[in-house]
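Here's the letter readout for the chains.
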Amino acid sequence: MRLSPSETQTLVQRTAREFAERVVRPLAADIDAKARIPDAVVRGLGELGLLAVNVSPDVGGAGAGAVAYALAVQEIARACASTAVTMSVTNMVGEAITHFGTPAQARHYVADLARGDAGLGCFALSEAGAGSDPGAMTTTARRDGSHGGDWVLDGAKQWISGGSAARVFIVWARTRPIEAASKGISCFLVDGNAAGLRVGRPEDKMGVRGSSTVPLEFSGCRVPASAMLGAENEGFKIAMMALDGGRIGISSQAIGIARAALEESVRYAKDRRTFGAPIAEHQAIKWKLADMQTRIEAAHLLSMRAAWMKETGRAFSREAAIAKLFASESAIAVCNDAVQIHGGYGYTRDFAAERHLRDARVTTIYEGTSEIQRLVIARSALA
Ligand code: CAA
């Protein structure tokens with residue numbers, strides 16, 4: 001594994017950093033307060049190739065690989081966690097359609113997603129009673145033989161990121177009875193404005209407030225036979241493989257948030273004085289800063305390793321789970337220390353430290369909780 005980025009990876013990282021600093025960071029507090037990412041920000045990501053970093057140029061992607069993608073998500077998350085998860089999920093959906101879909105499906109959806117001007121890519125797997133255990137989902141897809149093999153979807157999904165502005169949802173539904181568990185699930189591409197699909201009111205969340213999180217209701221939602229992604233009853237594995245890559249994205253998001261929290265803490269610690277000296281001179285603060293930096297560097301290396309393994313075609317489920325587990329738990333610890341270093345000010349909206357802590361909190365929950373990552377890692381250790 002190369003420890004220094006290639007020319008292409010450096011270029012993508014610089015591009016993301018420049019956009020993050022110039023456009024995204026100045027809007028981040030407003031995105032959080034108004035719970036909305038301006039369309040121009042998503043379009044800007046699209047113009048720079050950041051919505052399909054690891055997708056082939058044949059279908060509108062940047063073709064820059066998984067490491068470049070991970071570096072870019074970090075840079076965007078350093079400025080705004082909501083924008084980073086929006087970017088990350090759209091990349092995950094574009095990659096899944098390209099990888100598992102037909103050329104026609106990829107042509108139809110992925111160029112739109114990559115441009116960022118037609119709506120987002122969304123991942124509709126979880127349900128109210130099936131989050132960590134998606135094999136227990138109850139949304140169904142029934143084939144309607146009288147209509148040329150259309151599929152009719154009924155049921156409900158929950159916690160769908162970006163769903164208020166979806167171009168396309170990847171929807172998982174049962175095509176065999178519940179007893180078939182993970183072996184009876186198929187995957188469908190459903191347009192954001194499909195008849196029979198109702199997108200619910202966004203949740204009022206603690207963090208990543210700019211990225212909507214919505215419930216979906218499918219009531220006789222009819223899609224053509226050509227909407228199936230991959231093979232019938234093979235949908236669970238598509239979800240698992242997409243989430244392996246998604247977890248690299250969330251580890252990168254967590255690292256980006258933690259980097260911002262550390263940088264702001266360093267600035268504050270040099271400026272704020274107690275007992276006749278900047279608090280950066282006190283050992284109590286120095287040790288915190290050292291621990292924060294160490295966690296970030298370790299998380300970065302784990303995330304880069306998982307991305308490199310993905311990029312070079314190696315199995316990387318375990319490495320992605322390790323990176324996500326460590327980066328997300330580290331981000332919460334780092335952001336918590338950042339609030340502590342800022343003292344009373346850290347507990348107010350006058351400083352970004354409290355936003356970083358709220359934003360970091362979800363990274364141990366979505367795309368597989370820390371408990372699920374531990375399960376994946378332990379299964380591999382025991383295999
Ligand atoms: N890659 C390929 N195949 C995989 C796989 C992987 N990573 N993981 C499992 N599979 C395959 C297995 O090999 C098995 O195949 P066979 O039937 O041929 O043997 C099949 O899938 C079933 O696997 P398991 O028996 O291991 O399945 P399980 O029911 O025990 O679940 C789990 C395993 C890891 C716990 C899984 O359920 C899981 O990851 N849960 C968490 C789900 C999750 O992350 N949800 C996040 C929601 S999406 C989100 O948050 C997005 C967003 O909007 C931000």
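Numbers given to residues run from 1 along each chain, matching the order in which its sequence is written. Side-chain atom pairs in this predicted model are given and counted only at pLDDT of 80 or more, local residue features only at pLDDT of at least 70, and totals for whole chains, interfaces and linings cover all residues. With hydrogens and water set aside, each side-chain value is computed from the structure's full complement of heavy atoms.

### Examining the site of the ligand
What counts, and what does not: One heavy atom within 4 Å of a molecule or strand makes the whole residue count as near it. Whenever a nitrogen or oxygen atom comes within 3.5 Å of another N or O atom, the pair is scored as a polar contact, on the condition that within protein one atom can donate a hydrogen and the other can accept it, and that pairs from neighbouring residues in sequence are kept only if both atoms are in side chains. The method behind every accessible area is Shrake-Rupley, applied with a 1.4 Å probe, and residues are considered shielded solely by the protein chains displayed. Helix and strand assignments come from DSSP, with helices taken as H or I runs of at least 4 residues and strands as E runs of at least 2, each series counted from the N terminus.
In the neighbourhood of the ligand, 23 residues make up the surrounding shell, with Ser161, Lys183, Lys237, Asp244 and Arg379 lying closest. Contact between the ligand and arginine 247: an oxygen atom at 2.8 Å from a side-chain N or O atom of the residue. A distance of 2.9 Å separates an oxygen atom of the ligand from a polar atom in the backbone of glutamate 367. Protein chains shield 74% of the accessible area of the ligand, which is 1,100 Å² for the free molecule. At seven residues, helix H7 (residues 235–271) tops the list of elements feeding residues into the shell around the ligand.

### A short note on the packing of helix H9 (residues 317–346) against helix H10 (residues 353–361)
The relative placement of two packed helices comes down to the angle between their axes together with the axis-to-axis distance. For clarity, the threshold we go by: Helix axes are fitted to C-alpha atoms over the stretch in contact, other axes to C-alpha atoms as well, and angles between N-to-C directions run from 0 to 180 degrees. Orientation is classified from the angle alone, with under 35 degrees giving roughly parallel, over 145 giving roughly antiparallel, 65 to 115 giving roughly perpendicular, and any other angle giving oblique. Whether a crossing is left-handed or right-handed is set by the direction in which the near helix is turned from the far one by less than a right angle, anticlockwise for left-handed and clockwise for right-handed. Here, residues are in contact when the closest pair of their heavy atoms is within 4.5 Å. Note on residue categories: nonpolar means Ala, Val, Leu, Ile, Met, Phe, Trp, Tyr, Cys or Pro, charged means Asp, Glu, Lys or Arg, and polar means any other residue, Gly included.
Contact geometry of H9 with H10 gives a least axis separation of 8 Å together with a crossing angle of 155°. It follows that H9 is roughly antiparallel to H10 by the angle criterion. The two elements H9 and H10 meet at a crossing, and its hand is left-handed. In this structure, H9 uses Ala331, Ile332, Cys335, Asn336, Ala338, Val339, His342 and Gly346 to contact H10, whose residues at the interface are Ala353, Glu354, His356, Leu357, Ala360 and Arg361. By residue class, the composition of the contact of H9 with H10 is eight nonpolar, four polar and two charged.

### Points about unusual backbone geometry
For clarity, the cut-off: Relative accessibility under 20% of the residue-type maximum defines a buried residue, over 50% an exposed one, and the middle range a partly exposed one, all with a 1.4 Å probe and only protein chains included.
One non-glycine residue, alanine 35, lies in the positive phi region at around 55°. When you line up the elements, alanine 35 lands in the loop between helix H2 (28–34) and helix H3 (39–47). Judged by relative accessible area, which is 35%, alanine 35 ranks as partly exposed. Despite not being glycine, valine 208 shows a phi value in the positive range, around 30°. Residue position: valine 208 is located in the loop between strand E6 (197–199) and strand E7 (213–223).

### What to know about the domain arrangement of the chain
What counts is decided by this rule: For the domains described, the bounds stem from an automatic or database domain assignment. Once two parts are joined, some of their accessible surface, as seen by a 1.4 Å probe, is lost; buried area is that loss totalled over both. Should a side-chain nitrogen of Lys or Arg be within 4 Å of a carboxyl oxygen of Asp or Glu, the pair is scored as a salt bridge.
For the chain, the domain assignment lists domain 1 (7–118), domain 2 (123–232) and domain 3 (237–382). Relative to domain 2, the C-alpha centre of domain 1 lies at a distance of 23 Å. With 22 residues of domain 1 at the interface, the matching set in domain 2 holds 16 residues. Taken together, the two surfaces of domain 1 and domain 2 that pack against each other cover about 1,600 Å², and 64% of this comes from carbon and sulfur. Sorting the residues of domain 1 by area buried against domain 2 places Val93, Gln105 and Tyr109 first, and these three jointly supply 30% of that buried surface. Between domain 1 and domain 2 we count one salt bridge in total. Linking aspartate 112 and arginine 167 is a salt bridge whose minimum nitrogen-to-oxygen distance equals 2.7 Å. For the interface between domain 1 and domain 2, the tally reads six residue pairs in polar contact (both at pLDDT 80 or more). Breaking the side of domain 1 that touches domain 2 down by element, the ones donating at least two residues are H2, helix H5 (81–100) and helix H6 (103–115). Residue contributions to the side of domain 1 that touches domain 2 peak at ten residues, all from H5. A class-by-class count of the residues in the side of domain 1 that touches domain 2 yields 14 nonpolar, five polar and three charged.

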